Amino acid sequence: MTPSARLAAAIDLLSEMEATPRRPADAVANAFFRERRYIGGGDRRAVSERVWAVLRHWRHLGWWLEQAGVPATPRTRLIAAMQLMPRPGEAPVVLFSGDRYGPAPLTAAEQELGARLRGQALADPAMPQAVRLEVPDWLLPRLAETFGAALEDEVSALAGEATLDLRVNLLKTTRQEAARLLAEGGIHAEETDLSPWGLRVPGRQPVTATAAFKAGLVEIQDEGSQIVVAAADARPGMRVLDYCAGAAGKTLGMAMTMQNRGHIVACDVSEPRLEGAVRRLRRAGVHNAERHLLVPGDRWARRRAGSFDRVLVDAPCTGTGTWRRNPDARLRLTERDLEELTAKQAEILSTAATLVRPGGRLIYATCSVLREENQDRIASFLAASPQFRRAQPEPDCGLPPDLAQEGMIALSPLRHGTDGFFAAVLERVG
């Protein structure tokens, strides 16, 4: 594709995203490229890079367009991005070529917009703080409650580029051997600082095409998610429940720490997600796990009350800790979403708690940084559940010393280099 054709594709992709604002951007992009198989891998990366740059700076670009009195459209956002975040050798007047595969030429108003923005800095001192930090206005006070004086630095880190982290599958190999095999395939990986099973790969490398991945020696998993697995501390011979398993990423990790001994159940309300877990479990060599689909009126949980040594609740949440990977999630999140999610978290936590045996542990986790979903949720649960108390993870579970404070772990990109994660370890007494 020519540079002009790539730009036209970026305009089309942004248009489809705006037409389905509640749908995740990566899902829209996947469908977009599936329908256009003539777009090669290099072109897909170039188009995606341009579109995601707009998503990461959505409020900045919108503010500048508002100052210029120009409606925000996919075309005008891209014109603004090309002026405020210029790339060498690129000029809107050239790329808006009007040729067969390129976008239509700039109108007089668009040329005037480009001239007005040329040479301006992306961030302007007159911008409101929420615009500068790329967060919804209603969410800013809640983030300030979480981060305090570090608000600007913490939220800026959430807007950065995500790392590519791998969890080594100790059922099949060691961390050193996995790193060696990846290096043979041209991918250099460094050991992570927090997770004892983690490797970090620079940039966007084709890890899934490597022999190490195909053989189940490594799995893509953020280091923060690996820390949640360590906090669960599932051990050989235990009965373990992953109550909101999704595609079973943490199920895989716990099966590994259990050394494939004992029994682990992966539950979820989504059949497609559980079906997607089958291939991952098989590739990893896990044979002590089963899946269960949760449906309305299901008596499965009631029949298994008090029977699990570990119950992990990776609760549905706002995903504010994953903004590095999903910058569009900031645009879709509403205050009503938060209200509905906190109610659902309370319900799930209450049900999951009944499944923990006396002396067993309940691990509550989110990929959120908001107190309402994390510390406040745990405080409310403990106030209503005297049979539970906070518990410190065991020293040999794989967590770095002092990472857990009074049974709770809060991770962030700024302080830990991970996605934003929260985990609380609770023990059922008596």
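Rules used throughout
- Residues numbered from 1 in each chain as written.
- Predicted model: local features only at pLDDT ≥ 70, side-chain atom pairs only at ≥ 80, totals over all residues.
- Heavy atoms only, no water.
- Helix = DSSP H or I, 4+ residues; strand = E, 2+ residues; numbered from the N terminus.
- Rg over C-alpha atoms; globule rule 2.2 N^0.38 Å.
- Contact = heavy atoms within 4.5 Å.
- Areas by Shrake-Rupley, 256 points an atom, 1.4 Å probe, with all protein chains shown as cover.
- Lys, Arg positive; Asp, Glu negative; His and termini not counted.
- Charge placed at Lys NZ, Arg CZ, Asp CG, Glu CD.
- UniProt positions renumbered as here; feature names shortened; annotations may be inferred.
- Buried < 20%, exposed > 50% of the residue type's maximum accessible area, 1.4 Å probe, protein only.
- Polar contact = N/O pair within 3.5 Å; in protein donor to acceptor, adjacent residues only side chain to side chain.
- Salt bridge = Lys/Arg side-chain N within 4 Å of Asp/Glu carboxyl O.
- Pairing = 2+ DSSP bridges.
- Axes fitted to C-alpha atoms, helices over the stretch in contact; angles between N-to-C directions.
- Right-handed = clockwise from strand over helix to strand, strands pointing away.
- Parallel < 35°, antiparallel > 145°, perpendicular 65-115°, else oblique.
- Left-handed = near helix turned anticlockwise from the far one by under 90°.
- Nonpolar A, V, L, I, M, F, W, Y, C, P; charged D, E, K, R; others polar.
- Core = buried A, V, L, I, M, F, W, Y, C linked by side-chain atoms within 4.5 Å.

**A closer look at the overall build of the chain**
So, step 1. Summing up its helical and strand segments, the chain has 20 helices and twelve strands in all.
So, step 2. Here the C-alpha radius of gyration of the chain, 23 Å, is about what a compact globule of 430 residues would show, namely 22 Å.
So, step 3. Its C-alpha atoms give the chain principal-axis dimensions of roughly 75 × 50 × 40 Å.
So, step 4. In the chain, once contacts between residues fewer than 6 apart in sequence are set aside, the share between residues at least 24 apart is 72%.
So, step 5. When the accessible surface of the chain is summed, it comes to about 19,200 Å², and 51% of that surface belongs to carbon and sulfur atoms.
So, step 6. Placing the 55 positive and 53 negative side-chain charges of the chain at their respective mean positions leaves the two points 5 Å apart.

**A few points about the UniProt feature "active site" (unreviewed entry) in the chain**
So, step 1. In the numbering used here, UniProt assigns the feature "active site" (unreviewed entry) to Cys367.
So, step 2. Note on placement: cysteine 367 falls in the loop between strand S9 (356–366) and helix H19 (375–384).
So, step 3. When neighbours within four sequence positions are excluded, cysteine 367 is seen to be in contact with Cys317, Gly319, Thr320, Gly321, Thr322, Gly420 and Phe421.

**Observations regarding helix H13 (residues 223–232)**
So, step 1. Taking burial as the measure, the ten residues of H13 include ten buried ones, the bulk of the element.
So, step 2. Along H13, the residues that are buried comprise Glu223, Gly224, Ser225, Gln226, Ile227, Val228, Val229, Ala230, Ala231 and Ala232.
So, step 3. Between a side-chain oxygen at the N-terminus of H13 and the backbone nitrogen of glycine 224 the separation is 2.8 Å; the capping residue is aspartate 222.
So, step 4. Downstream of H13 by one or two residues, aspartate 233 has phi in the positive range, about 55°.

**Considerations on the pattern of salt bridges**
So, step 1. Throughout the structure, instances matching the rule amount to 38 salt bridges.
So, step 2. A salt bridge links glutamate 16 to arginine 36, with the shortest nitrogen-to-oxygen separation between them at 3.4 Å. Here the residue glutamate 16 occupies a position in helix H1 (residues 3–19), and arginine 36 occupies one in the loop between helix H2 (25–34) and helix H3 (41–56), the gap between them amounting to 20 residues.
So, step 3. Here lysine 250 makes a salt bridge to aspartate 314, at a shortest N to O gap of 2.8 Å.

**A word on the sheet that holds strand S4 (residues 218–220)**
Strand pairing in a sheet relies on backbone hydrogen bonds, with the paired strands running either antiparallel or parallel.
So, step 1. Strands sit in the order S2-S3-S1-S4 across an open sheet of four strands; the sheet is antiparallel. Each edge of the open sheet carries a strand with a single partner, namely strand S2 (190–191) and S4.
So, step 2. The pairing of strand S1 (residues 164–168) with S4 spans three bridges and is classified as antiparallel. Residue pairing across strands places leucine 166 opposite isoleucine 220, the latter belonging to S4.
So, step 3. Here helix H11 (residues 175–184) sits on the sheet and contacts S1, S2, strand S3 (198–201) and S4; the angle it forms with S3, its principal contact strand, is near 25°.

**Topic: the pairing of strand S6 (residues 263–268)**
So, step 1. Of all six residues that make up S6, five are buried, and the element is covered over most of its length.
So, step 2. Sheet topology places strand S5 (residues 239–242) next to S6; four bridges connect them, and they run parallel. In the strand pairing of S6, aspartate 242 is matched with alanine 266.
So, step 3. The parallel pair S5 and S6 is bridged by helix H14 (residues 249–257), and the resulting crossover is right-handed.
So, step 4. Pairing geometry for S6 and strand S7 (residues 289–293), over five bridges, is parallel.

**Considering the packing of H1 against helix H5 (residues 74–84)**
So, step 1. The interhelical angle for the contact between H1 and H5, taken along N-to-C directions, is 125°, at an axis separation of 9 Å. Of the possible angle classes, the one that applies to H1 and H5 is oblique. The way H1 lies across H5 gives a crossing that is right-handed. Residue-level contacts link Leu7, Ala10, Ile11, Leu14, Ser15 and Glu18 of H1 to Pro74, Arg75, Arg77, Leu78 and Met82 of H5.
So, step 2. Split by residue class, the contact of H1 with H5 holds seven nonpolar, one polar and three charged.

**Structural notes on the side chain of threonine 418**
So, step 1. Residue position: threonine 418 is located in the loop between helix H20 (413–416) and strand S12 (421–428).
So, step 2. Judged by relative accessible area, which is 0%, threonine 418 ranks as buried.
So, step 3. Here threonine 418 is in contact with Leu194, Asp222, Glu223, Gly224, Arg324, Leu411, Ser412 and Pro413, once residues within four sequence places are set aside.

**Description of the nonpolar core**
So, step 1. Residues Leu13, Leu14, Met17, Val51 and Leu55 are the most contacted members of the largest nonpolar core, which totals 37 residues.
So, step 2. Contributing elements (two or more residues each) for this core: H1, H2, H3, helix H4 (58–68), H5 and helix H7 (108–117).
So, step 3. With seven residues, the single largest contributor to this core is H1.
So, step 4. Apart from residues no more than four positions distant in its own chain, leucine 55 is found in contact with Leu14, Met17, Ala25, Pro327, Asp328, Arg330 and Leu331.
So, step 5. Counting 28 residues, the second-largest nonpolar core is a separate cluster that includes Ala230, Leu312, Ala365 and Ala423.

**Some thoughts on the side chain of arginine 280**
So, step 1. Checked against the element boundaries, arginine 280 lands in helix H15 (residues 271–284).
So, step 2. Arginine 280 gets classed as buried once you look at its relative accessible area, which sits at 18%.
So, step 3. With residues up to four places along the chain from it excluded, the contact list for arginine 280 reads Glu219, Ile220, Ala247, Ala248, Gly249 and Leu252.

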